[in-house]
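Summary of structural features
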Amino acid sequence: MRRSIEQPGTANEDIAWLRRYAWLLDSSVRLPFGRTIGIGSLLGVVPFIGDALGAGLAAIVVLRARQLGVSNAVQIRMLANIAADTLIGAVPLAGDLFDFAFKANQRNVELLGDWARNHEATSRRSRRFLLAAVAVFVATVVIALSIIVLLLKALLGLLG
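Rules and cut-offs
Residues numbered from 1 in each chain as written. Predicted model: local features only at pLDDT ≥ 70, side-chain atom pairs only at ≥ 80, totals over all residues. Heavy atoms only, no water. Helix = DSSP H or I, 4+ residues; strand = E, 2+ residues; numbered from the N terminus. Rg over C-alpha atoms; globule rule 2.2 N^0.38 Å. Buried < 20%, exposed > 50% of the residue type's maximum accessible area, 1.4 Å probe, protein only. Areas by Shrake-Rupley, 256 points an atom, 1.4 Å probe, with all protein chains shown as cover. Lys, Arg positive; Asp, Glu negative; His and termini not counted. Charge placed at Lys NZ, Arg CZ, Asp CG, Glu CD. Contact = heavy atoms within 4.5 Å. Salt bridge = Lys/Arg side-chain N within 4 Å of Asp/Glu carboxyl O.

This paragraph deals with the overall build of the protein chain. Looking only at helices and strands, the protein chain has seven helices and two strands in total. Going from the N terminus to the C terminus, the protein chain shows its helices and strands as α-β-β-α-α-α-α-α-α. Relative to its length of 160 residues, the protein chain is extended, with a C-alpha radius of gyration of 20 Å against a globular reference of 15 Å. Counting every position in the protein chain, which comprises 160 residues, the buried fraction comes to 33%. Of the roughly 9900 Å² that the protein chain leaves accessible, carbon and sulfur atoms contribute 71%. Here the protein chain contributes 17 positive and 11 negative side-chain charges, whose respective centroids are spaced 6 Å apart.

Looking at the element boundaries, Leu31 is found in the loop between strand 1 (29–30) and strand 2 (36–37). Among the residues examined, Leu31 registers a relative accessible area of 18% and is labelled buried. Residues in contact with Leu31, not counting those within four places in the same chain, are Ile37 and Phe100.

On inspection of all chains with the given rule, the structure shows three salt bridges. We note a salt bridge from Glu110 to Arg19, for which the minimum N-O separation is 3.6 Å. One end of the pair, Glu110, is in helix 6 (residues 104–117); the other, Arg19, is in helix 1 (residues 11–26), with 91 residues separating them in the sequence. Glu110 sits in the partly exposed class, given a relative accessible area of 39%. Residue classification places Arg19 among the partly exposed positions, given a relative accessible area of 33%.

This is the structure:
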């Protein structure tokens, strides 16, 4: 059974709990130089298994958002945040640095809170974000393929 975001004492309490959960995953460990990381970052130290476990823990926020009836566009944007955090986080050193700035779980709970306050505006922004992300991806693939074709032509010109 889906619970509505408007039901007092249910969804709002869930969002408050998810905020604490996201803080635990993203920001609960204070580092000596004033920055924070969370348990998810510590799990990420274990190659592959830690990243997979971190992504699984992050999925709890998206699953709860789905139960609350959050739009597909917002859910996909949440999954994109998790994917970016997981994929970039898997790169040694770069992933650790990325964790200082990109707090996927806290971003996702903020998206859920935004959606709770204004369903339509948040869904619209998420659709725009996803369209822009697809456009950037397609442009990147086209550019990469163009470079490969040019390099192959140059190589064949040298050989022929």
